[in-house]
Amino acid sequence: MKGQVNDEQYVLSVLQKAFDKGQQGHMDTDTMIHWLKQELQLGYTTNQSEKAL
């Protein structure tokens, strides 16, 4: 359960960063989708390697 909460918090924080960048005019839709994919994949990879340790 705790891992699920951490994952959800991570996803929400990434979405908030993307929203903030979009509001500031730093991203169009395509750029935002690409950035979100990279951030979420990086976070998932990082979380998985931490669990392996």
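The rules behind the values
- Residues numbered from 1 in each chain as written.
- Predicted model: local features only at pLDDT ≥ 70, side-chain atom pairs only at ≥ 80, totals over all residues.
- Heavy atoms only, no water.
- Helix = DSSP H or I, 4+ residues; strand = E, 2+ residues; numbered from the N terminus.
- Buried < 20%, exposed > 50% of the residue type's maximum accessible area, 1.4 Å probe, protein only.
- Areas by Shrake-Rupley, 256 points an atom, 1.4 Å probe, with all protein chains shown as cover.
- Polar contact = N/O pair within 3.5 Å; in protein donor to acceptor, adjacent residues only side chain to side chain.
- Core = buried A, V, L, I, M, F, W, Y, C linked by side-chain atoms within 4.5 Å.
- Contact = heavy atoms within 4.5 Å.
- Patch = residues over 30% accessible without salt bridge, like charges linked within 9 Å, V, L, I, M, F, W, Y side chains within 5 Å.
- Salt bridge = Lys/Arg side-chain N within 4 Å of Asp/Glu carboxyl O.

Student: So, the overall build of the protein chain: which residues are in play, and what are the values?
Tutor: Scanning the protein chain from terminus to terminus reveals two helices and zero strands. Among the 53 residues that make up the protein chain, the fraction classed as buried is 11%. Total accessible area on the protein chain is roughly 4,500 Å²; 56% of this is exposed by carbon and sulfur atoms.

Student: Tell me about the environment of Ser13, and name the residues and values.
Tutor: As for its position among the elements, Ser13 is in helix α1 (residues 2-23). You can call Ser13 partly exposed: its relative accessible area is 32%. Of the polar contacts made by the side chain of Ser13, one reaches the backbone oxygen of Tyr10; its length is 2.8 Å.

Student: Can you tell me about the nonpolar core, naming the residues and giving the values?
Tutor: In this structure, Val14, Ala18, Met27, Trp35 and Leu36 together form the largest nonpolar core, which totals five residues. Elements represented by at least two residues in this core include exactly α1 and α2 (29-52). What Met27 contacts, discounting residues up to four positions off in sequence, is Lys21, Gly22, Met32 and Trp35.

Student: Summarise a nonpolar patch on the surface; cite the residues concerned and give the values.
Tutor: Judged by side-chain polarity, Val11, Leu12, Leu15 and Leu40 come together as a nonpolar surface patch covering roughly 320 Å² of accessible area. Ranked by residue count, the leading element in the nonpolar patch is α1, at three residues. Tracing the backbone through its elements, the reader meets Leu12 in helix α1. Here Leu12 falls in the exposed class, since its relative accessible area comes to 57%.

Student: Tell me what's going on with the environment of Val14, and back it up with residues and numbers.
Tutor: If you trace the backbone, Val14 turns up in helix α1. Linking Val14 and Leu36, residues 22 residues apart in sequence, is a C-alpha distance of 7.2 Å. Apart from residues no more than four positions distant in its own chain, Val14 is found in contact with Trp35, Leu36, Glu39 and Leu40.

Everything listed here is a matter of coordinates, which is why it stays silent on function.
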